[in-house]
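# What the coordinates show
What follows is each chain in one-letter form.
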Amino acid sequence: MRSIIEPFRIKVVEPIRITTQAEREEQLRKAHYNLFLIPAEYVLIDLLTDSGTGAMSSDQWAGIMRGDESYAGARSFYRFYDRMQEITGFEHILPTHQGRASERLLFELIGGPDKVVPNNAHFDTTRANIEHSGAKALDLLTEEGQTPSCDAPFKGNLNIEALRALISEVGAERIPAVFITVTCNNIGGQPVSMENLRQARAVCDEFGLPLFLDACRFAENAYFIKMREPGYEDKSVAEIVREMFDLADGATISAKKDGLVNIGGVLLLRDKTLFQNASNQLILTEGYVTYGGLAGRDLEAMAQGFAEVLHEDYLQYRIRSTAYVGEKLLDAGVSIVRPPGGHAIYIDAAAFCPHIPTTEFPGQGLAIELYRHVGIRSCEIGSIMFEGNAPMELVRLAIPRRVYTQSHMDYTCEGIIEVFENRDRIRGVKIIEQPPALRHFTAKFDLV
Ligand SMILES: *Cc1c(COP(=O)(O)O)cnc(C)c1O
């Protein structure tokens, strides 16, 4: 088979600086070995997150110039609205400044003490917004989903039996909505099948519950359905996306992922009263309903981004280029969460550094060494981030959209494999100083 190429050529370039090992060691010391505290200028390949870090197309930049900055009823709003309606079929659509703003608006209205919100796995901001309202956030993954070495096609699926058990345990009246995150970020960008969405819908119908999607990576999820789910191989991604949204009563979306923009979010609702209440909340804290805390030009970029993300040559390249990194690492004997997800590769740091005990944070040790050795910035997803409740010690390589070429990824893999061959050199860390919550962003470390 021929190589799957980047389906674009490059019109604007942003230089990245190749630093020396001595410079990187100095930056690490200055940052107290916390990669969030290193200035981006000193990072060669930045795989910290895929959120808002993508490259916009020439048509999106043209949209930025076309942006209508009228306060109310701007042309750009209607372009955004029409595109979202065309893709999702929803009528009640609010723009927000990012995903968590949509979450806050929604959970202020449907959350509250005594409520329980199930999800396949809540993203951290979703969980935080639910808990902030006084409600409880529950993760209901399947057994497969929690087994990193298992190669199942839809590891993001919601555990339907566990959902039924929850409903009979707490009662439907305490559940304001059932959530499903597509793709499931927390377990490596693993997709959810249409079959699973349909089953969840059937349970929701049986008990009169609304079904919501956390739809940040809806296009990547739809592409996986097309590739992996029987009966969908001949459907277009746009048709699959529409079928996914047709099953839902609402959705929160961060456009910083599959919206292919650097900032933006969306809240979709079927219920008219809920929409009116959310509109009032939006006006109170974000902005008027036709801009939601964004500039008109941002709405133009989103309208175009949401169209481009459905191009199947783009999705083929996107999913293939992530898998390419995963396969290279697996071939070299590096353990990763399998199969490769849509937006990121997760390295099993405990297997990578068997000489570092969990108490000395192998994920952080590995992330530090990847930066020190080759200037790659990754992210610990383990005992530092989850404060001792981590199911696994992982290092995430999140891949920004349309930003790096195959040679950047080859270099990344070569660097990781070099580190793997000299893995006994990797040192653990100890925490010197930490804030009371979300400590991974600002904690200070020292090498053990
Ligand atoms: C990024 C993300 C969010 C939150 O979106 P922000 O734009 O970062 O506020 C919510 N859910 C999932 C699954 C995400 O990946």
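Residues numbered from 1 in each chain as written. Predicted model: local features only at pLDDT ≥ 70, side-chain atom pairs only at ≥ 80, totals over all residues. Heavy atoms only, no water.

### Describing the environment of G250
Note on placement: G250 falls in strand β7 (residues 250-254). Overall, G250 belongs to the buried group, its relative accessible area being 0%. With 37 residues separating them in the primary sequence, G250 and L213 have C-alpha atoms 6.5 Å apart. Setting aside anything within four residues of it in sequence, one finds G250 in contact with F90, L211, F212, L213, L268 and L269. (Helix = DSSP H or I, 4+ residues; strand = E, 2+ residues; numbered from the N terminus. Buried < 20%, exposed > 50% of the residue type's maximum accessible area, 1.4 Å probe, protein only. Contact = heavy atoms within 4.5 Å.)

### Notes on the domain arrangement of the protein
Taken domain by domain, the protein holds domain 1 (21-50 + 311-447) and domain 2 (59-308). Here the C-alpha centroids of domain 1 and domain 2 sit 27 Å apart. Taken together, the contact pairs 22 residues of domain 1 with 28 residues of domain 2. Here domain 1 packs against domain 2, burying approximately 2,200 Å² in sum over the two surfaces, 51% of which is carbon and sulfur. Looking only at domain 1, the three residues that lose the most surface to domain 2 are E312, R338 and P339, adding up to 25% of its buried area. At the boundary of domain 1 and domain 2, one finds 7 salt bridges. Across the salt bridge formed by E220 and R401, the nearest N and O atoms sit 3.1 Å from each other. Along the contact surface separating domain 1 from domain 2 lie 18 residue pairs in polar contact (both at pLDDT 80 or more). When residues of the side of domain 1 that touches domain 2 are traced back to their parent elements, those giving at least two are α12 (312-331) and β9 (344-348). If you tally residues by element for the side of domain 1 that touches domain 2, the top one is α12, at 6 residues. (Domains from an automatic or database assignment. Buried area = accessible area lost by both parts, 1.4 Å probe. Salt bridge = Lys/Arg side-chain N within 4 Å of Asp/Glu carboxyl O. Polar contact = N/O pair within 3.5 Å; in protein donor to acceptor, adjacent residues only side chain to side chain.)

### Some details on helix α2 (residues 58-66)
Turning to α2, its buried residues number three or more, namely Q60, G63 and I64. An end-on view of α2 places all buried positions within 105° of arc, on one side of the element. The secondary structure elements touched by the buried residues of α2 are α11 (296-308). (Arc of directions from axis to C-beta.)

### Remarks on the packing of helix α1 (residues 21-30) against helix α14 (residues 362-374)
It is the contact of α1 with α14, at a shortest axis distance of 7 Å, that shows an interaxial angle of 145°. Contacts from Q21, R24, E25, Q27 and L28 of α1 reach α14 at I368, Y371, R372, H373 and V374. Taken together, the residues of the contact of α1 with α14 sort by class into 4 nonpolar, 3 polar and 3 charged. (Axes fitted to C-alpha atoms, helices over the stretch in contact; angles between N-to-C directions. Nonpolar A, V, L, I, M, F, W, Y, C, P; charged D, E, K, R; others polar.)

### Some thoughts on the site of the ligand
Close to the ligand lie 14 residues, the nearest being R100, D214, R217, S254 and K257. Measuring from an oxygen atom of the ligand, one finds a side-chain N or O atom of R100 at 2.7 Å. Contact distances for the ligand include 2.7 Å between a nitrogen atom and a side-chain N or O atom of D214. Starting from 380 Å² of accessible surface for the ligand in isolation, the protein chains cover 98%. Considering each element in turn, the shell around the ligand owes the most residues, 3 residues, to helix α4 (residues 99-110). (Near = heavy atom within 4 Å. Areas by Shrake-Rupley, 256 points an atom, 1.4 Å probe, with all protein chains shown as cover.)

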